[in-house]
Amino acid sequence: MSSAVDLAPQELRVLVAVAEEGGFSAAAVRLGTTQSGVSHAVRGIERKVGVVLFARGRSGARPTAAGARAVAHARRVLRMLETLVREARDTPTGEIAGPLRIAAFRSAALHLLPPVLERLSARHPGIEATVTVVREIGPGTAGEVAEGRADLGIACLGTGSPIPPQLVGDALLEEPYALVHPAGHPDPRSLPLVDWRENCSSSTRQWWAAQDWIPAATVRAEDDGAVLSMVGSGLGMAIMPALSLTVAPPGTEITDLGPERPTRRVGYVTTPELAATAAVRALVRELRASTKPQVSGG
């Protein structure tokens, strides 16, 4: 059996194309080759690796568990090859250029990243940053990084959602939760609860369960923006983290939950290899500069 180190970059591109396109024919169109060429390449890769990477069927081809792992590694290796060439051609002035893929949950994409990316662009105009909004449920933004679809993820960190072992990262800020409710309501804690799936992170569940005034959610929304809209319309109250409350709509009021209020740690995650690249280092510097005053010592 040949070692997987014998795989060529074009073979890695075939793996990624088949996985993302869902079949050999569509992958062939994407790669500018023939279906038989893609099929032959996949069979050759499977012989080298020694396992079946794709389950073939009438509906196309989908990665097996081993295939999913191989595709994630393939994306990451291809990204590092691209970075190797770019950084090897570094200019004498040390200019940083090239794509930078960021995954972030909605409120971080809306309120944390814009000023950070504005400063990053001013210092390094050659960096082409793109942001993908990912729901922080299940694998979340860390999953995007681990799968090779993002270079850096803005993630919620905590005991129940630690940094995955194959990634590196750090906390950037600790944001408090607050009560948001219709403005002027005489007893906002008596209102129905409006909630969304991403809201109550594992780090807040113990506090959440101990509050006998918090009812079960009677209204569930798709995201925090919809929650705020419903609260502003008088449909209930919500308990939300600070980033989500950066721009509260008219008709709402924010009330502090007191010294025992829960908090949520927000940080970044990346791969060990990308953490050493110039573009990711530059982004992390800007993130730290933007959030340094807010970092909790706890």
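One can find the structure itself at the top, above this paragraph.
No experiment lies behind these values; they were computed from the predicted model shown.

Colleague: Talk me through helix 8 (residues 224-232); I want residue IDs and the actual numbers.
Modeller: Residues D224, V227, L228 and V231 constitute the buried set of helix 8. Across the axial projection of helix 8, the buried residues extend over an arc of 95°, all falling on one side. Buried-residue contacts for helix 8 involve helix 5 (106-123), strand 6 (168-182), strand 7 (193-196), strand 8 (217-221), strand 9 (238-241) and strand 10 (252-256). Between a side-chain oxygen at the N-terminus of helix 8 and the backbone nitrogen of G225 the separation is 3.0 Å; the capping residue is D223. Phi for G234, located one or two positions after helix 8, is positive at around 85°.

Colleague: Help me get a handle on the pattern of salt bridges, residues and values and all.
Modeller: Under the definition given, this model contains 21 salt bridges. Put simply, D151 and R101 hold a salt bridge, and the shortest N to O gap is 2.8 Å. Of this pair, D151 sits in the loop between helix 6 (140-146) and strand 5 (152-157) while R101 is found in strand 3 (residues 98-104), placing the two residues 50 residues apart along the sequence. Of the residues examined, D151 reaches a relative accessible area of 0% and is grouped as buried. Owing to a relative accessible area of 23%, R101 belongs among the partly exposed residues under this scheme. Linked through salt bridges whose partners overlap, the residues forming this network are E20, E21, R30, R75 and E147.

Colleague: Break down the packing of helix 5 against helix 10 (residues 278-291) for me, with residues and values.
Modeller: Two elements in contact, helix 5 and helix 10, have axes whose closest approach is 9 Å; the angle formed by their N-to-C orientations is 130°. The angle between helix 5 and helix 10 falls in the class oblique. In this structure, the crossing between helix 5 and helix 10 has a hand that is right-handed. Where helix 5 abuts helix 10, its residues L112, L113, V116, L117, R119, L120 and R123 lie against A282, L283, E286, L287, S290 and T291. For the contact of helix 5 with helix 10, the class distribution of residues is eight nonpolar, two polar and three charged.

Conventions and cut-offs
Sequence order as written defines residue numbering, which begins from 1 separately in each chain. Totals for whole chains, interfaces and linings use all residues, but because this is a predicted model, local features are given only for residues with pLDDT of at least 70 and pairs of side-chain atoms are given and counted only at 80 or more. Side-chain metrics rest on all non-hydrogen atoms present in the structure, leaving aside hydrogens and water. Under the scheme applied here, a residue whose accessible area is under 20% of the maximum for its type counts as buried, over 50% as exposed, and between as partly exposed, the area being computed with a 1.4 Å probe on protein chains only. By definition, any uninterrupted DSSP run of H or I lasting at least four residues is a helix, any uninterrupted run of E lasting at least two residues is a strand, and each is numbered from the N terminus. It is the directions from the helix axis to the C-beta atoms that the arc portrays. Should any heavy atoms of two residues lie within 4.5 Å, those residues are counted as being in contact. Pairs of N or O atoms within 3.5 Å make up the polar contacts considered here, provided that, within protein, one atom can donate a hydrogen while the other can accept it, and that residues adjacent in sequence are counted only when both atoms are side-chain atoms. Here, a salt bridge means any Lys or Arg side-chain nitrogen found within 4 Å of an Asp or Glu carboxyl oxygen. Only C-alpha atoms enter the line fits that serve as axes; for helices the fit covers just the stretch in contact. Angles between N-to-C directions range over 0 to 180 degrees. We call two directions roughly parallel when the angle between them is under 35 degrees, roughly antiparallel when it is over 145, roughly perpendicular when it lies between 65 and 115, and oblique otherwise. Take the far helix as the reference: if the near one is turned anticlockwise from it by less than a right angle, the crossing is left-handed, and if turned clockwise, right-handed. We call Asp, Glu, Lys and Arg charged. Ala, Val, Leu, Ile, Met, Phe, Trp, Tyr, Cys and Pro are nonpolar, and the rest, Gly among them, are polar.

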